[in-house]
Amino acid sequence: MVYNTKLVLHKQQNMPQDLSPLWISLKTSLLATFITLFFGVVTAYWMLSYRGRGKSIIEGIFIAPLILPPTVVGFLLLLFFGNNGPVGKLLQPFDLTIVFTWYGAALAAMVVSFPLMYKTALAAFEQIDGNLLRAARTLGAKEFTIFWRVSLPLAFPGIIAGATLAFARALGEFGATLMLAGNIPGQTQNIPMAIYFAVEAGDMNEAWFWSIVIVIISFSGILITNLWQEKQQISKSKNQEDIHPVKSVNSEHESLDLSINSVKKGLFIDIEKKLSSFYLKVGFTSENKPLGLLGSSGAGKSMILRCLAGIETPTKGKIILNGRVLFDSEQGINIPIRERKIGFLFQNYALFPHLTVAENIAFGIPKESSSGNIKVEVEKQLIAMELQGLGDRYPHQLSGGQQQRVGLARALASQPEALLLDEPFSALDTHLRSQLEQQMTETLGDYAGVTLFVTHNMEEAYRLCPNLLVLEHGKEAHHGSKYEIFKYPATVNVARITGCKNFSSATYLSEQIVLAHDWDCQLQVVESIPEKLSHIGIRAHQITFKNDHHHENTFPCWLVRSSETPHRMTLFLKLHSQPENHHDYHLQVEVYKEKWVTFKDKAFPWYVYLEPSRLILME
């Protein structure tokens, strides 16, 4: 009995009689975290897009409480909120005071924890793929809608982490609180001050008690946040592992009505875009047939799409779509992205990862539509893109081809007057690319609006687009039908971009005769010779062989080396004499393997025939 009494007395000595520091700390920290969460998120989102003057100074002020000594922060707050401070004087008529109250303790905690919330939220917003925000704008969403439905959900894990850190920092605040709120037991004394003054009084048991309490609370918050984030990652990984291929449904179904109510007049673009290392200057028109944009990397293909969509602003010029002026530098017109009625399929598809397939498609449907009509439209799009049964899945649960079709369905659901496709097949394997290309052909055949299709793949552009615009260093190199451009490319670069591999500098000799200097031969041609003839060329698959050299444009040749593909052989040939090394060749010839078998064992020289009607004359 004596032992039990001593044990109870020992426990009572370790347990403080006054637990008010706990309630004061929780009360001030939670209030500070709530206020900091709101202002931190709003400020971070604002600073993300702020491009005005003094951005570094403004951000320095936001971060200052993190690097200044807490006593300095408390002193500045005391000067500002004290009875003689600007805010203190404003509160005097209302008989309100901040100094030496728990409100002051909450204010101090809020100020010192704000930088952690701000920087964490800013980092979370910065990690969001910019194409997601651009996609939302092209789908007609207003900035508040984008923030609420896209940015905030995607940044939410980071924001929760920031709020946890802010709470832990507020819970441990000492210096600023002591300066502004003082150490008033039962009113402003929080746990850190209780620990400090317990040590000062030599009461180590109480100091240990409060230290353990604050460690448990802080680590509990961090642990709960980490466990929640891990659970989210595990759930996402499990969903990815559970993906099973879904067979395409080829049953007959009602084709999606892609017509646009307004009268179509086509697209007119005449713009310039000047950057430090790039200058775009193009002018062209396009009607309701897909227009393919071809060119090497950096030629300006994607920049044209971005200017048309409103993502980039041209330096000067004019953009008119179906009679609506989207941009006019002279008249000061620059229609916002959300009002341009542009459907944009980005290279990475830019699907909203936190929304299901159905919600992604519905995102672009005009907001005035009823919920019933939205549901019907989503279902029609799912059927049209052969995505039945996938409406409840998330983008990370889909294959690349399925994601591409969801992106296209979302763009079309917004009823755009123009559809912009930025290399939509670049991330797909060869087999899947072929399947989706066929579906894309059917979709574009039903679409009544303007279509611009950006690609590096010459054959892809040829199959999908009746008209082509070839770009070179930001300028138009050739614009016309695909037949014209492939048969009569305007320049050597246009010929190269469209797949021609054989070129030689050339000069005029006589009517219908030119001299090919690099090939060291005279060639008879059918086409009229340009006045400023510079080169002659021929495509690799259009070169044939003869049994002897008595025909026109027929020359002896030797095989230098060969390159094999599953169906074709590429032969590197030297004209007139035997090669000296593997790089000593004049022409590349592509032949099917069936043809290759018939003459590969023949003795040299072979005789190559450059058909006059196949020769390309270029200025």
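## Points about the overall build of the protein chain
Here's step 1: Per the secondary structure count, the protein chain includes 20 helices and 21 strands.
Here's step 2: Its C-alpha atoms give the protein chain a radius of gyration of 36 Å, more than 25% over the compact-globule value 25 Å for 619 residues.
Here's step 3: Along the first, second and third principal axes, the C-alpha atoms of the protein chain reach 125 × 65 × 50 Å.
Here's step 4: Here the protein chain holds 619 residues, and the buried ones make up 45% of them.
Here's step 5: Sequence separation of 24 or more characterises 68% of the internal contacts of the protein chain that already satisfy a separation of 6 or more.
Here's step 6: For the protein chain, the accessible surface area stands at approximately 31,900 Å², while carbon and sulfur atoms represent 56% of it.

## Topic: the environment of Gln512
Here's step 1: For Gln512, the location among the structural elements is in the loop between strand E12 (502–510) and strand E13 (513–516).
Here's step 2: With 432 residues separating them along the chain, Gln512 and Phe80 place their C-alpha atoms 91 Å apart.
Here's step 3: With near-sequence residues (within four places) excluded, Gln512 lies in contact with Leu523, Gln524, Val525, Val526, Glu527 and Ile529.

## Section: the sheet that holds strand E20 (residues 606–609)
Here's step 1: Spatial ordering of the open sheet is given by E16-E20-E17-E18-E19, a layout of five strands whose pairing is antiparallel. At either end of the open sheet lies a strand with only one pairing partner, and these are strand E16 (544–546) and strand E19 (587–592). Taking the axes of each pair of neighbouring strands and ignoring which way they run, one obtains an average angle of 55° across the sheet.
Here's step 2: Taken together, the six bridges between strand E18 (residues 568–575) and E19 define a ladder with antiparallel strand orientation. Looking at the pairing, Met569 lines up with Val591 of E19.

## Things to note about the sheet that holds strand E14 (residues 521–524)
Here's step 1: Read from one edge to the other, the open sheet built from five strands follows the order E14-E13-E12-E15-E21, with strand pairing classed as antiparallel. Among the strands making up the open sheet, the edge pair consists of E14 and strand E21 (616–618). Put simply, the sheet's adjacent strands are angled 40° from each other on average, direction ignored.
Here's step 2: Of the pairings in the sheet, the one linking E13 to E14 comprises four bridges and is antiparallel in character. Along E14, the bridge assignment pairs Ile513 with Gln524.

## A short note on the pattern of salt bridges
Pairing between side chains becomes possible if they bear opposite charge and their charged atoms approach one another.
Here's step 1: Taken as a whole, this structure holds 16 salt bridges when the rule is applied.
Here's step 2: One salt bridge connects Glu417 with Arg324, and the closest N-O pair in it is separated by 3.7 Å. With a gap of 93 residues between them, Glu417 in the loop between helix H15 (400–413) and strand E8 (418–422) and Arg324 in strand E5 (residues 324–328) connect regions that are remote in the sequence.
Here's step 3: Relative accessible area serves as the criterion here: at 26%, Arg324 is assigned to the partly exposed category.
Here's step 4: Via salt bridges that share partners, Lys273, Arg306 and Glu312 belong to a single interconnected network.

## Notes on unusual backbone geometry
Here's step 1: Phe604 connects to Pro605 through a cis peptide bond whose omega is 5°.
Here's step 2: Looking at where Pro605 falls in the secondary structure, it is placed in the loop between helix H20 (593–599) and E20.
Here's step 3: Although it is not a glycine, His576 sits at a positive phi angle of roughly 75°.
Here's step 4: Mapping His576 onto the fold places it in the loop between E18 and E19.
Here's step 5: You can call His576 partly exposed: its relative accessible area is 32%.

## Remarks on helix H4 (residues 70–81)
Here's step 1: Over its 12 residues, H4 extends 16 Å from the first C-alpha to the last, a length consistent with the 16 Å expected when each residue adds 1.5 Å.
Here's step 2: Within H4, the full set of buried residues consists of Val73, Gly74, Leu77 and Phe81. Looking down the long axis of H4, one finds its buried residues gathered within 100° of arc, a one-sided arrangement.
Here's step 3: Buried residues belonging to H4 abut helix H3 (55–67), helix H5 (86–91), helix H6 (102–126) and helix H9 (175–180).

## Comments concerning the nonpolar core
Here's step 1: Ranked by size, the top nonpolar core spans 64 residues in total, and within it Phe125, Leu267 and Phe284 carry the most contacts.
Here's step 2: Top contributing element to this core by residue count: helix H8 (residues 143–171), with eight residues.
Here's step 3: When near neighbours in sequence (up to four residues on either side) are disregarded, Phe125 contacts Val41, Ala44, Tyr45, Leu48, Phe147, Ser151, Leu152, Ala155 and Ile159.
Here's step 4: Grouped together as the second largest cluster of nonpolar side chains are 38 residues, Leu390, Val406, Leu432 and Leu444 included.

## Examining the packing of aromatic side chains
Here's step 1: In this structure the tally under the stated criterion is 26 aromatic pairs.
Here's step 2: Both rings, one in Trp596 and one in Trp606, keep their centres 6.1 Å apart while their planes meet at 75°; by these two values the pair is edge-to-face. One end of the pair, Trp596, is in helix H20; the other, Trp606, is in strand E20, with 10 residues separating them in the sequence. This pair shows no difference in class: Trp596 is buried, exactly as Trp606 is.
Here's step 3: Ring-pair connections join several aromatic residues into one group, and the members of that group are Phe545, Trp596, Phe599, Phe604 and Trp606.
Here's step 4: Lys482 extends its terminal NZ or CZ atom over the ring of Tyr462, reaching a point 4.7 Å from the ring centre.
Here's step 5: The ring of Tyr592 carries Arg568 above its face, with NZ or CZ at 4.6 Å from the centroid.

## Here we look at the pairing of E5
Here's step 1: Pairing analysis gives four bridges linking strand E4 (residues 316–321) to E5, with the strands arranged antiparallel. The partner of Lys318 across the bridge, within E5, is Asp328.
Here's step 2: Connecting E4 to the antiparallel partner E5 that follows it, the hairpin turn spans two residues, and Asn322 within it adopts a positive phi of roughly 50°.
Here's step 3: Two elements, E5 and strand E6 (residues 333–334), share two bridges in a ladder whose sense is antiparallel. Directly across from Asp328, in E6, lies its bridge partner Ile333.
Here's step 4: Joining the antiparallel neighbours E5 and E6 is a turn of four residues, in which Gly332 adopts a positive phi near 70°.

## Examining the environment of Glu590
Here's step 1: By the secondary structure assignment, Glu590 is in strand E19.
Here's step 2: Residue classification places Glu590 among the buried positions, given a relative accessible area of 17%.
Here's step 3: Setting aside residues up to four positions removed in sequence, Glu590 forms contacts with Lys501, Ala540, His541, Arg568, Met569 and Thr570.
Here's step 4: Engagement of the side chain of Glu590 in a polar contact is seen with the side chain of Lys501, the distance being 2.8 Å.

## Here we look at the environment of Phe197
Here's step 1: Considering the arrangement of structural elements, one finds Phe197 in helix H10 (residues 191–200).
Here's step 2: As for Phe197 and Asn226, which are separated by 29 residues in sequence, their C-alpha atoms are 33 Å apart.

## Comments concerning the packing of helix H2 (residues 20–49) against H8
Here's step 1: Running from amino to carboxyl end, H2 crosses H8 at an angle of 145°, the nearest separation of the two axes being 9 Å. Viewed along their axes, H2 and H8 form a crossing whose handedness is right-handed. Along the contact surface, H2 presents Ser25, Leu26, Ser29, Leu30, Ala32, Thr33, Thr36, Leu37, Val41 and Tyr45, while H8 presents Glu143, Ile146, Phe147, Ser151, Leu152, Ile159, Ala163, Ala166, Phe167, Ala170 and Leu171.
Here's step 2: Its residues placed into classes, the contact of H2 with H8 shows 15 nonpolar, five polar and one charged.

Basis of the calculations
- Residues numbered from 1 in each chain as written.
- Predicted model: local features only at pLDDT ≥ 70, side-chain atom pairs only at ≥ 80, totals over all residues.
- Heavy atoms only, no water.
- Helix = DSSP H or I, 4+ residues; strand = E, 2+ residues; numbered from the N terminus.
- Rg over C-alpha atoms; globule rule 2.2 N^0.38 Å.
- Buried < 20%, exposed > 50% of the residue type's maximum accessible area, 1.4 Å probe, protein only.
- Contact = heavy atoms within 4.5 Å.
- Areas by Shrake-Rupley, 256 points an atom, 1.4 Å probe, with all protein chains shown as cover.
- Pairing = 2+ DSSP bridges.
- Axes fitted to C-alpha atoms, helices over the stretch in contact; angles between N-to-C directions.
- Salt bridge = Lys/Arg side-chain N within 4 Å of Asp/Glu carboxyl O.
- Expected span 1.5 Å × (residues − 1).
- Arc of directions from axis to C-beta.
- Core = buried A, V, L, I, M, F, W, Y, C linked by side-chain atoms within 4.5 Å.
- Phe/Tyr/Trp six-rings, centres within 6.5 Å; stacked < 30°, edge-to-face > 60°.
- Lys NZ or Arg CZ within 6 Å of the ring centre and 35° of its normal.
- Polar contact = N/O pair within 3.5 Å; in protein donor to acceptor, adjacent residues only side chain to side chain.
- Left-handed = near helix turned anticlockwise from the far one by under 90°.
- Nonpolar A, V, L, I, M, F, W, Y, C, P; charged D, E, K, R; others polar.

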